[in-house]
Amino acid sequence: MAAEMRREMILHAVQRAAFTAESGVDQSQIQLDRFNGWVQRLFFRCGLQRKPVSLALHAPLWPLARQRRYVMPLV
């Protein structure tokens, strides 16, 4: 049990370090461009809780969001 928790903590630390290295800033400081901010408001509520969105909106818009890898680790 302790080994699993240790592995999860190490994995989280590595993911956070990779995210910071890739973006150049801490996760709390990411600035989304106008389109990606709009997509975030469309798909997520306050506090980054996912909202129910129709597949007709999600399918064409989500692939166009270039900064989605910055949003998804925050969820």
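**Q** For the overall build of the chain, give the residues involved together with the corresponding values.
**A** When helices and strands are counted, the chain shows four helices and zero strands. Ordering the α and β elements of the chain from the N terminus gives α-α-α-α. Buried positions account for 20% of the 75 residues belonging to the chain. For the chain, the share of sequence-separated contacts (at least 6 apart) that also reach a separation of at least 24 residues comes to 48%. A total of about 5900 Å² of accessible surface is found on the chain, and carbon and sulfur atoms cover 60% of it.

**Q** Residues and numbers for the packing of aromatic side chains, please.
**A** In total, this model carries two aromatic pairs according to the counting rule given. Ring centres 6.1 Å apart and planes at 35° place the aromatic pair F35 and W38 in the tilted group. Here F35 pairs with W38, and both are found in helix 2 (residues 34-43), just three residues apart, close to one helical turn. Residue F35 is classed as partly exposed on the basis of its relative accessible area, which comes to 32%.

**Q** If you had to explain the environment of G37 to someone new, which residues and values would you point to?
**A** Checked against the element boundaries, G37 lands in helix 2. Considered as a pair, G37 and R68 are 31 residues apart in the sequence and their alpha carbons are 10.0 Å apart.

**Q** Break down the confidence of the model for the chain for me, with residues and values.
**A** Taken over all residues, the pLDDT of the chain has a mean of 76, while the share at 70 or more is 75%. Ranking the elements of the chain by mean pLDDT puts helix 4 (residues 68-71) last, at 68, and helix 3 (residues 55-61) first, at 85.

Parameters at a glance
Residues numbered from 1 in each chain as written. Predicted model: local features only at pLDDT ≥ 70, side-chain atom pairs only at ≥ 80, totals over all residues. Heavy atoms only, no water. Helix = DSSP H or I, 4+ residues; strand = E, 2+ residues; numbered from the N terminus. Buried < 20%, exposed > 50% of the residue type's maximum accessible area, 1.4 Å probe, protein only. Contact = heavy atoms within 4.5 Å. Areas by Shrake-Rupley, 256 points an atom, 1.4 Å probe, with all protein chains shown as cover. Phe/Tyr/Trp six-rings, centres within 6.5 Å; stacked < 30°, edge-to-face > 60°. pLDDT = per-residue confidence, 0-100.

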